[in-house]
Amino acid sequence: MLSIIKLKSRIIIWLCTGIILFIFLVGAGKKTSITQQLDAPENPIYLEFKIPAGWPKPPANIYANNRLTEQGFQLGKKLFYDGRLSKDGHFPCASCHQQFAAFANYDHDFSHGFKDAFTTRNAPALFNLAWMTKLHWDGGINHIEVQPLGPLTSVIEMAETLDSVLYKLKKDSVYPKLFKAAFGTTEINSQRMLKAIAQFTGSIISANSKYDKVQRGEAKFTLSEENGFALFKTKCAPCHKEPLFTDNSFRNNGLSVNPFLKDYGRQRITNDKNDSLKFKVPSLRNIMLTFPYMHDGRLYSLSAVIDHYRSGLITTQPTLDPLLVNRIPISNNEKNELLYFLNTLTDTSMTKAARFAQ
Amino acid sequence: MITKLLILPLFFAVTFTGNKQQNSMAAADHSGTLKITFINTVKGEPIQLNTGNYTNPFAEVYSISKFKYYISDVTLSSSGINFRQQESYHLIDENNSASLSFSFSLTTNTYQSISFLLGVDSIKNVSGAQTGDLDPLNDMFWTWNSGYIMAKMEGKSLQSKVVNNKVEFHIGGFSGTHNVLKKLQFNFSANQILQIKKDGLSEIIIQADFDTWWQNPNDIRIAETPICSVPGALAKKIADNYSNMFTIKNVINH
């Protein structure tokens, strides 16, 4: 009697084991096929890099060896917003480059980095980068793809190592699939990571401000804006050249040397005394959103910037830009009109675009 | 799974075919293999990283913890015709024995000279993110002033008054007056005959002697300049010195 019960229970156990095993195998089989589907090479969706109407061609094609695809763009966007690119997880690219601030760092002269460190320069806005042959305030970076290496490895910014970032991406469950979608295989290396980030950052185009709409005949300036535009063309445009609102040159605009930073700008890159105190001319597009201003963010309002050019700038520095030796004469009324015009350079279709948002 | 198994060999086949085309020096039917091996030395003796104590011409004692440099655009010349290795970028790193040799296929011929660039050409310095030997992971790419470090030595010396008695020569600069690129050519001597035979293996052994970095033509004293970490005049002086560091030690036709 006892043995029959034992036998029965054994049969039940075997049956149960068999059923569980069967379910497990079927389940596993299904799982495999799902994984395979995700791993299967996806068809790249190629994107066209569109040059806004009337704009010059970029000086070099930043995507010549990095063909734009939707998959590459999306991977780059994910990386841009991923804190794991920084040592303690707190500092994604986006921590200093905020979309609502035209990808500058809103209301920060310097940005925060690893262990409460401050950066030593004001985080620049990110847009229309394809027209910029040299990046950073001192132009030290010669290609959009290699730019992230700077902040990523800087001990006062993201404070990471390339090795460690790649390790984190490789062990992640999603990234290998995204790299495969973008580049054909699951391999994750620094080149692919940097190319993907460049696909995102280089795609951020700002060309739809009120100014642009006026140029296209879709809107009209007010009288004050119109007057401001006329003033802008004579007083500011030699450096802040349309349509990019920068000529991408490096100039000394007569700021005193910050005694803490002793930052001599481009001279550090070129080792040339003639480049002392020269910094990149920033674009004035989205200028209302990118305060504070100047390479060290020392001026908190556009009013203060205009005051600098009309009365504040130091005219005794030997490398002062020749266009500024007499400062820029601007009356109070002209200043107001200039401000009205500069307001028309804000492009909310870029700063609010879901495509660039996290 | 089966698809994966099928894709893998296909992937390798494609990869290797790609490589063969890149090394377009060699016509597939008439080629052998050339192996180039670097032996890094100080005064003729193989470098002992970290443990070796060396004395420079100014009686300054130092040790070496890192010694690495780029060799690129390797070109063999036969009767005035150049056979150039395509995508030829090699990081020679004393700390990585696998990096001390590289091989490629070469058209059957007798060659009289070899030339290469010590460094990475300017185009690659401005062309964005690279991979392989040019990957910034190799710690030979400047992140704040884009460009490759062409050659790097790190070590210590009591004559260095900087933190931890560091000695660091990071030599780079690819444009204008900062250009440290050195195109070097070596003619094989009468007893060094490089004959690439069909399916054969030949080897060139090149010695790189670090002792050359200190002088000829420029005196570099640790006490004065223990650190060089930016392009400029000092980097150029050291590069002028190290352009003399190579000697063709041996050519072997196996």
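Residues numbered from 1 in each chain as written. Chains lettered and ligands numbered in written order. Predicted model: local features only at pLDDT ≥ 70, side-chain atom pairs only at ≥ 80, totals over all residues. Heavy atoms only, no water.

Helices and strands together make up the secondary structure of chain B, namely three helices and 17 strands. Sequence separation of 24 or more characterises 74% of the internal contacts of chain B that already satisfy a separation of 6 or more. Element-wise, carbon and sulfur atoms account for 53% of the exposed surface of chain B, whose accessible area totals about 11800 Å². (Helix = DSSP H or I, 4+ residues; strand = E, 2+ residues; numbered from the N terminus. Contact = heavy atoms within 4.5 Å. Areas by Shrake-Rupley, 256 points an atom, 1.4 Å probe, with all protein chains shown as cover.)

So, about the overall build of chain A. Helix and strand counts for chain A stand at 13 helices and four strands. Taken across its 358 residues, chain A has 51% of its residues classed as buried. For chain A, long-range pairs separated by at least 24 residues make up 67% of all intrachain contacts whose partners lie at least 6 apart in sequence. Only carbon and sulfur atoms are counted for the fraction: they give 59% of the accessible area of chain A, which is about 18000 Å². (Buried < 20%, exposed > 50% of the residue type's maximum accessible area, 1.4 Å probe, protein only.)

A few words now on the environment of Tyr264(A). Mapping Tyr264(A) onto the fold places it in the loop between strand S3 (250-251) and helix H10 (267-270). On a C-alpha basis, the gap between Tyr264(A) and Phe279(A) in space is 8.4 Å, while along the polypeptide they are 15 residues apart.

In this section: the domain arrangement of chain A. Residue and element names in this part refer to chain A. Taken domain by domain, chain A consists of domain 1 (70-205) and domain 2 (210-350). Of the roughly 2300 Å² buried between domain 1 and domain 2, counting both surfaces, carbon and sulfur atoms make up 60%. Between Asp-263 and Arg-121 there is a salt bridge; the shortest N-O distance is 2.6 Å. Counted by class, the side of domain 1 that touches domain 2 contains 15 nonpolar, nine polar and five charged residues. (Domains from an automatic or database assignment. Buried area = accessible area lost by both parts, 1.4 Å probe. Salt bridge = Lys/Arg side-chain N within 4 Å of Asp/Glu carboxyl O. Nonpolar A, V, L, I, M, F, W, Y, C, P; charged D, E, K, R; others polar.)

The next thing to look at is the pairing of strand S9 (residues 113-118) of chain B. Residues and elements named next belong to chain B. Counting buried positions over the six residues of S9 gives six, a clear majority of the element. What you see with S9 is no split at all: Ser-113, Ser-115 and Leu-117 on one side and Ile-114, Phe-116 and Leu-118 on the other are buried throughout. Bridge count between strand S4 (residues 61-78) and S9: five bridges; the pairing is antiparallel. Along S9, the bridge assignment pairs Ser-72 with Leu-117. Examined bridge by bridge, S9 and strand S13 (residues 182-187) share six bridges and lie antiparallel to one another. Paired with Leu-117 across the two strands is Lys-183, which belongs to S13. (Pairing = 2+ DSSP bridges.)

This next bit is on unusual backbone geometry. Here the residue pair Glu242(A) and Pro243(A) is connected by a cis peptide bond, since its omega of -5° sits within 30 degrees of zero. Counting through the fold element by element, Pro243(A) comes out in the loop between helix H9 (223-235) and S3. Here the bond from Asn216(B) into Pro217(B) is cis, since omega is 5°, no more than 30 degrees from zero. Phi at Phe103(A) is positive, roughly 65°, even though this residue is not glycine. Looking at the element boundaries, Phe103(A) is found in the loop between helix H3 (93-96) and strand S1 (112-113). For Met294(A), which is not a glycine, the phi torsion comes out positive at approximately 80°. Relative to the assigned elements, Met294(A) resides in the loop between strand S4 (279-280) and helix H11 (302-312).

Taken together, the contact pairs 28 residues of chain A with 24 residues of chain B. Between chain A and chain B, a total of about 2000 Å² is buried, with carbon and sulfur atoms accounting for 54% of that surface. In this assembly, chain A and chain B are joined by zero salt bridges. Residue assignment for the side of chain A that touches chain B shows that the elements contributing at least two residues are helix H1 (2-39), helix H4 (149-153), helix H5 (162-171), helix H7 (190-201) and H10 of chain A.

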